Every structure is written in C-alpha cells, then in structure tokens.
Amino acid sequence: MTGLERLIFFAWLLQGTLFQDAVDGTNCTASHKPTVSVQASSTVREGQNIALTCNSDAKPLPTFTWYTVRRSLVGIVGSSRELKITIMADDTKFYCEANNTCGSQKSGVTQINVLYAPKTTSVSVSPSGSVMEGTLVTLSCSSNANPPVNNFTWYTVKGEQKTRLGVGKEIKIYVSMEVRQFYCEAMNDLGEKKSPHTEVDVLYLPRDPVVSVSPSGPVPEGSPVNLTCRSDANPPVTNYIWYSEDESHAPSEIGSEQNLMLASANEGKNYYCQAANQYGSDRSKGFLLNIIYPPKNTSVSVARSSSTSKDVSVILTCSSEAKPPVERYTWFRVRGGVEKSVGVGQNLTCHVDDIIDGGEYYCKAQNQHGVDTSTPTEVSIEFAPLIRPSSGCIRSKSQLICTCESHGNPAPSVKWSMSGQHVENSLHTSVREESLGRTGLRSSLIVRLSEKDTPTPLCSSVNSHGSTSLQFCVASTGYQMLSVLIGVGAGAAGMLLLGVLMFLIARRMHTKTTWDLKKEDKTDLILTDWTLSQEEDSLYISKDTLAGNPTRQGAPLSRPQQPNGGANGNGGINNDLGSDHYGPPMDATNCYHRPLPHPLDLPPRDKEAGDKEGE
C-alpha cells in the first residue's frame, strides 16, 4: 500500500484503539518497535534453509507479518513470529511488522549475505552491429557472483569445434568468417558459468563456391544435366554467372542463374560458376562432367612388327574412344567377299602368309553401352623377295623341269640362269610364269638335256627392296647307269664276296634311283598344268632347303641361300628388313639327290594310278 494509505490505516487503528480503551477502561501500553533476529550464520550459501525471528515486547501481544524486498518491490512472505525460508541470491532482504490494539511497528531491513557461483554471464561486443571481415573488436564478459568472479576465459566456436582464445574480462580480436562466434566462462570459488554464444555479424564476399550436378554420377552422352552453384557469403550472393571452357581455354558465358540446365551433356568442356555480392566475387573450381558413351571413332593402324629371313609380319592396332574403356576388340578379315573372324584383342599380328593373299581387315570395339566398327583397311607391307621352300626340280632322261615360287612386295621378277648364262625361251629351254596374287610369282623352267648333263639352274628373284636366289643341283642319269654296269661286271667274275658287295651296291642304288634304272623312255616329258602344280613332288632341291622347313601346303616363307649375294650388295635384301644371307655357290656335293616316283617312270600298274591322280 502507499504511504498515504498506510497513514490513513494507522490513524484508523489509533482511533479505534483509543475508542476501545475508553470503552473498556483498559490501559494501552505504547508498542515498542519490534526487532528481528536470524537463527543462522551471518553468511550462508544460496539454497540453504534459514530461520528468521521477529521479537516485540508490546502489550497486548502483537501479530507478526514478514516482508521481502526485491529491488523496489515489497512482498509478504510470512505471518508468524518465525519465518523459515530457503535463501536465494536474489532474495536476501527481509523485515517484520508487529501489530496489536495499540498500534504497529516495523523492524529494520535485514540483509542476508548469500554466497553463490557466477550466474547471468553474458558477452558484449564493441563496436556493435555488423562489421567487415578483418575488423578488430573488443569482447567484454560480465557475470553476477558472490564472491565476485576471479577468472574469465574466452573461446571461439566453429561448428562442433571450440578454440581457447585467452583470459581476462575483456579481449581484443580480429573477426573473420572463421572467427566470429564467441563465449566466455566466469569462475569463482563456488563454481563457473558459461555465457551464451555471441556471434558477430561479419560481412564478407562469397567464399569457395561449389557446384552440384543432378543427376549425380555418370551421365550418358547427350542427356540433360542440371548444375547448381552454392557459396557462403554475407550478405548472401546476389549474382551468379556460369562459364564453360573448351580445349582453347577461352571462357564463354553460358548462364546467369543459380541453377543451369544443360540440354545435352558433352565431354571435353570445363564448367565453373562465379558468385558475387556487394563486397566482391569468387569462382568455383572447374570440373568436367563424367560423360559415358559407347565406342566411337574406331580405326585401324598398321605397324611393322618384324622382317627377318624367316618371317615378315605386321601388327594391326584397333583404336577407339569409349567411356568406360573398350572391353572387347574383335578382328575380321574380308577376302573375296567372304568375311571371317580372325582374332580378339586390341592388337592383331599378321604374318606374310596372311598378307600375300590380300584382303581387308576391320575391328569392332565394344563396351557396356554399345559397339562401333572401323572402316576396312587393306594391309600391305613392302618386303624383299622370299623364295618358298616348295621350289624344286623334276628330271626325266630327256627333260628337266624346275619351278621357283617367289613372293615380295612389290611383286618380284624372276630370272633363270645356268652356268652363268641367262636363260630365255629357245629351242632347248622354255620359261613360263604364273602370277600368284598381288605379291607372288611362280616361274617354271623346262630344259631339254642328255643323260650325262648335270645342269645347275639358278633362280634369282628381285624387287625394289632387294634380291634373293636359289641354286638347284641336278645329278646326271649317266652316272647312275655306269654304277650299275660296274656292279654287274663284278658279279660276272664269279666271286661270291664281290657278288654280295655288288648286290648291296645295286640295292642301294636301286633305292636312290629307282626310275633311272628302268627301261629308257624315248618319250619326251611334256609340261602340263598338273606337273607345275605338284610342288610336293620336287626331286632335286638344295641341301639347305631340306634342312629348313619341310615342304608343305601353307608352309611359312623362308629365304634360301644366295650363291653370289644380292643386287644391292648385302645378300640381296635391304638392311631395313634385317635378313641374313650366307653360303657359297652350291655344287653337286652340296645337293641331295632325292628321287621320287614320277608318272613317266612308274611300272604299268603304278603309272595308271599316277595318271589317274594327274587327272
């Protein structure tokens, strides 16, 4: 109640008391001022229970009322002589009032000394409000405590991480995007209290823009893609610009919104965005879209692998652009309109036997997204001449037939010579040539001769890359007949030992020259297509040819010995091909005499079989 109200109230009580005393005739003793005593130590900790007692000697006995004073507010907290209360730090001032019929008196205000840990800790910043990044600010920490705070500690916070800055009621620090949120901790002997986090409004330009792609992960080539640019800035970003760069690294502006829609995603372009506000700008890192696509631009390249006296080969390589990379390469050959699968893998090795017959090659490249096919490529490699081991001679009593098959690129020419003289078509010699595709030539030599003749035909093959030659050694039939006659004469002498020896010699000679011992055939050997085609029936071939690969259909080409070296002075083969040629000219002692059954020398039964085979 107000002071006026109290005055009126006290006057009313006084008037009533005087009136009542007059009526009752009772003597009213003036009320003495009450006093307050506290049943507790003068210093207590917040939260403890204490008892307050109001004492008065007034008559008649008074009633008591307790009051608490909080700042400028007064409130009633009890109505008995003794007040029991739990003391709090913000409720430490009390007084009591004694009332009887004679009047009322109030005690003085009693304040309890309450001890408590720091509370209501807070931080203030100077200058207040928004500041630019890099500004030096003053931070102040305040806290209520009894006894007063004896230690202040400062921290900065970023996310879940806190960092200690220092101690003191005040601290000065430069603020930034990373260092802008703070709190302090106040401490006394009874405890500590942390302040709420205080964040300084730091102004800064956009930092480290990042780009997100939707859909995420690999993007099929030609599919639409949405790009989003994000950046931390204060105040927020107000302007976005998108750029793309090609292989020339010249940037092109392609958008001005936070989101950019690309209608068709393509590989090979570098994208980035620029974010700006009123204080500046920053750009994101460039990035390439993860574009996936099936193989494309598939092609075949040709490289020489080896060129030796035994082999000529090339390597075909299939190249293709694909993402993910090509998983499987398949090779095909087209020859005469017929397509054939010839291998798998990125590389294919082709030997000369594959190349000389011509044909085109192409490859197919495949990954999980599709297949692409290269254009057909004709494989051609230039190499010095090679003479096949199937080359050789067939002899009868009146004719010698030799065939020489040579391959090279460019196609070689073949020349024949005997006894150092060039052989051409004449009354006694005939030369016939047959083309074997783009790189081959078969030359046949027919020579009329007598039984005693021992010709040594030489086949020479030449092209622009070199030359090679093969010497054929042919024994005379007269020499063989003479050996037989000597054996017969020795047997006629009647000596058993010599007879046995003759028998052994005759048997041996019979094995070596079966058809030469038969009845003389007066018929000239006629050269036919059948004769020229039977390369496996060669009778006389060089010793070195027999020592090499056996004659067979499809045998790899090999280079025979050259008697006099090549036309270019290095054995007939250019150095690029790396071939070796060696050996002196061959004579009869270096030749193998390998007689094989010939249709003209077979017995009647076998001859018929041979004729049928020739047909």
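Rules behind the numbers
- Residues numbered from 1 in each chain as written.
- Predicted model: local features only at pLDDT ≥ 70, side-chain atom pairs only at ≥ 80, totals over all residues.
- Heavy atoms only, no water.
- Helix = DSSP H or I, 4+ residues; strand = E, 2+ residues; numbered from the N terminus.
- Buried < 20%, exposed > 50% of the residue type's maximum accessible area, 1.4 Å probe, protein only.
- Contact = heavy atoms within 4.5 Å.
- Areas by Shrake-Rupley, 256 points an atom, 1.4 Å probe, with all protein chains shown as cover.
- Pairing = 2+ DSSP bridges.
- Disulfide = S-S within 2.5 Å.
- Phe/Tyr/Trp six-rings, centres within 6.5 Å; stacked < 30°, edge-to-face > 60°.
- Axes fitted to C-alpha atoms, helices over the stretch in contact; angles between N-to-C directions.

On a plain count of helices and strands, the protein chain comes out with seven helices and 46 strands. Each of the 615 residues in the protein chain was classed as buried or not, and the buried ones make up 40%. Looking at the protein chain alone, contacts between residues at least 24 apart form 64% of all its contacts between residues at least 6 apart. Carbon and sulfur atoms form 52% of the exposed surface of the protein chain, whose accessible area is close to 33500 Å².

What follows covers the pairing of strand 41 (residues 429–436). Where strand 41 and strand 42 (residues 440–448) come together, eight bridges link them in antiparallel fashion. Looking at the pairing, threonine 429 lines up with valine 447 of strand 42. Once strand 41 ends, the chain turns through three residues before running back antiparallel as strand 42, passing glycine 437 with a positive phi of about 75°.

The next subject is unusual backbone geometry. In this structure, the amide linkage connecting serine 126 to the following residue, proline 127, adopts the cis form with an omega of 0°. Its location among the elements puts proline 127 in the loop between strand 10 (113–126) and strand 11 (131–132). Following asparagine 409, the chain continues into proline 410 via a peptide bond in cis, with omega recorded as 5°. Structurally, proline 410 is set in the loop between strand 38 (399–409) and strand 39 (413–418). The phi angle at threonine 120 is positive, at roughly 50°, despite the residue not being glycine. With respect to the helices and strands, the residue threonine 120 is situated in strand 10. Residue aspartate 208 is not a glycine yet carries a positive backbone phi of 45°. Residue classification places aspartate 208 among the exposed positions, given a relative accessible area of 61%.

By the definition in use, this model includes six disulfides. Across a sulfur-sulfur distance of 1.9 Å, cysteine 54 and cysteine 96 are joined as a disulfide pair. Torsion about the S-S bond of the cysteine 54 and cysteine 96 cystine: about 65°, corresponding to right-handed handedness. Here cysteine 54 is found in strand 3 (residues 49–55), whereas its partner cysteine 96 is found in strand 7 (residues 93–100), with 42 residues between them in sequence. As far as the burial class goes, cysteine 54 and cysteine 96 line up, both buried.

This part is about the environment of alanine 365. Assignment of secondary structure puts alanine 365 in strand 33 (residues 360–367). Separated by 70 residues in the primary sequence, alanine 365 and proline 295 have C-alpha atoms spaced 6.2 Å apart. Ignoring any residue separated from it by four or fewer positions in sequence, one finds alanine 365 in contact with Pro295, Thr298, Ser320, Val326, Arg328, Tyr329, Gly370, Val371 and Asp372.

Here we take up the environment of proline 410. Judged by relative accessible area, proline 410 falls into the partly exposed class, the value being 31%. Through-space distance from the C-alpha of proline 410 to that of glutamate 382 is 6.2 Å; in sequence the pair is 28 residues apart. Setting aside residues no more than four positions away along its own chain, proline 410 makes contact with Glu382, Asn463, Ser464 and His465.

Moving on, we come to the packing of aromatic side chains. A ring pair, where both rings are aromatic, is described by two values, the distance of the centres and the angle of the planes. Scanning the model with the defined rule gives six aromatic pairs in all. Note on tyrosine 155 and tyrosine 183: the rings are 5.0 Å apart at their centroids and 15° apart in plane angle, and the pair reads as stacked. With a gap of 28 residues between them, tyrosine 155 in strand 13 (residues 151–158) and tyrosine 183 in strand 16 (residues 181–188) connect regions that are remote in the sequence. The pair formed by tyrosine 155 and tyrosine 183 is uniform in burial state, with each residue classed as buried.

What follows deals with the sheet that holds strand 10. Sheet architecture is open: four strands sit in the order 2-10-12-15, paired in mixed fashion. Strand pairing shows two members of the sheet lacking a second neighbour, strand 2 (43–45) and strand 15 (170–174), which therefore form its edges. Direction aside, neighbouring strands of the sheet carry axes that sit 35° apart on average. Where strand 2 lies against strand 10, three bridges are found, and the strand directions are parallel. Each bridged residue has a counterpart across the sheet, and for arginine 45 the counterpart in strand 10 is leucine 115.

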